[in-house]
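# Secondary and tertiary structure notes
The lines below spell out each chain.
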Amino acid sequence: MANNDEKAFEILNADGRGAAVIVCEHASNHFPARYRNLGLSETDRQSHAAWDPGAEAVAQRLSQALDAPLIVGRVSRLVYDCNRPPEAPGAMPERSEVIDVPGNVGLSDEDRAERVHYVYHPFTTALGNLLTRQAQRGTPPALITVHSFTPLWFGEHRSVEIGILHDDDSRLADEMLARAESIPGRKINRNDPYGPADGVTHTLRLHGLANNLANVMIEVRNDLIETPAEQDAIAEELLTLLRPALARLTQAEVGDA
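Everything in this summary refers to the structure shown in the same document.

Calculation notes
- Residues numbered from 1 in each chain as written.
- Predicted model: local features only at pLDDT ≥ 70, side-chain atom pairs only at ≥ 80, totals over all residues.
- Heavy atoms only, no water.
- Salt bridge = Lys/Arg side-chain N within 4 Å of Asp/Glu carboxyl O.
- Helix = DSSP H or I, 4+ residues; strand = E, 2+ residues; numbered from the N terminus.
- Buried < 20%, exposed > 50% of the residue type's maximum accessible area, 1.4 Å probe, protein only.
- Core = buried A, V, L, I, M, F, W, Y, C linked by side-chain atoms within 4.5 Å.
- Contact = heavy atoms within 4.5 Å.
- Polar contact = N/O pair within 3.5 Å; in protein donor to acceptor, adjacent residues only side chain to side chain.
- Patch = residues over 30% accessible without salt bridge, like charges linked within 9 Å, V, L, I, M, F, W, Y side chains within 5 Å.
- Areas by Shrake-Rupley, 256 points an atom, 1.4 Å probe, with all protein chains shown as cover.

What follows is about the pattern of salt bridges. Where charged atoms from two side chains of opposite charge approach closely, those side chains can pair. Here the structure, examined in full by the defined rule, presents 16 salt bridges. One salt bridge connects Asp-232 with Arg-61, and the closest N-O pair in it is separated by 2.5 Å. With a gap of 171 residues between them, Asp-232 in helix H6 (residues 228-256) and Arg-61 in helix H2 (residues 55-66) connect regions that are remote in the sequence. On the basis of relative accessibility, which here comes to 41%, the residue Asp-232 falls in the partly exposed class. Between Glu-175 and Arg-179 there is a salt bridge; the shortest N-O distance is 2.9 Å. Exposure remark for Glu-175: the relative accessible area of 16% places this residue in the buried category. Salt bridges here are not isolated pairs; linked through shared partners, they connect Glu-10, Glu-56 and Arg-74.

This is the structure:
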């Protein structure tokens, strides 16, 4: 990248030796200067359309607790959504829920290619390299992506509080969901509020399925992670599911070796 303003990603806890790599694609609502805020108002740039509020804070807590490297996106998903392939309309959306994105309307092939080059390729290459390095250290790592979602979507209330999402490989999701009752009162669903049909499992498919790595996407309703105390609490709940799930999968891999 040309300078810090254009940095597509950051790796935290890079020397972590745990059995996972954590990803937060939508950690930032930063718009590099050359994109001129895509014509969006300050309110829209602060909204969930531009990023996943609270997700990075939760991801950092998981990273620390599991001693796992964490890669975070440092450019708003409205510039480029790193959980979408270049050919997907949602990679550079012209509209997000009820918010129009003027700077994404009528993009030329050159415009799209420039964003792929400066945002998507650096991020996904760095993630691939990180997973390879972790695998070379020992047991192949699980891939865990962390997101947040809004309590309302097009005016409809979402009752789910934590979504455990997966694509064709449900190993890690199954182990986590099998322990969901250990968190009383928490509404935890499979592939809700999104699932593979919504195009949200690109990172899981590209880096998890393609490398036979156990993988899962965690979605947390963002009204539950607004404060540091709430972020601590949700991270502990997720660890209640993740720690035994990861241990179970590691035991299974050792047994198969």
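Read on, since the account is not over.
With that out of the way, let us pick up the nonpolar core. Generally speaking, nonpolar side chains in soluble globular proteins are found buried as a group. Grouped together as the largest cluster of nonpolar side chains are 40 residues, with contacts concentrated most on Ile-22, Leu-62, Ile-144, Ile-164, Leu-172, Met-176 and Ile-218. The set of elements that each furnish at least two residues to this core consists of strand E2 (20-24), H2, strand E3 (70-73), strand E6 (142-149), strand E9 (162-165), helix H4 (171-177), strand E11 (215-221) and H6. Among the elements that make up this core, the one with the highest residue count is H6 (9 residues). Among all residues touching Met-176, those that are not within four sequence positions of it are Ile-164, Val-216, Ile-218, Leu-241, Leu-242 and Ala-245. If you look at the next biggest cluster of nonpolar residues, it comprises 36 residues, including Ala-49, Leu-78, Leu-107 and Met-217.

To continue, consider the side chain of Asn-83. With respect to the secondary-structure elements, Asn-83 resides in the loop between E3 and strand E4 (95-96). Residue classification places Asn-83 among the buried positions, given a relative accessible area of 1%. In terms of polar contacts, Asn-83 uses its side chain to reach the backbone amide nitrogen of Thr-203, at 3.0 Å. Excluding residues within four positions of it along the chain, Asn-83 makes contact with Glu-25, His-26, His-147, Gly-199, Val-200, Thr-201, His-202, Thr-203 and Met-217.

Where nonpolar side chains cluster on the molecular surface, the patch consists of Val-98, Trp-153 and Phe-154 and spans about 300 Å² of accessible area. On the secondary structure map, Val-98 appears in the loop between E4 and strand E5 (99-100). For Val-98, a relative accessible area of 53% gives the class exposed.

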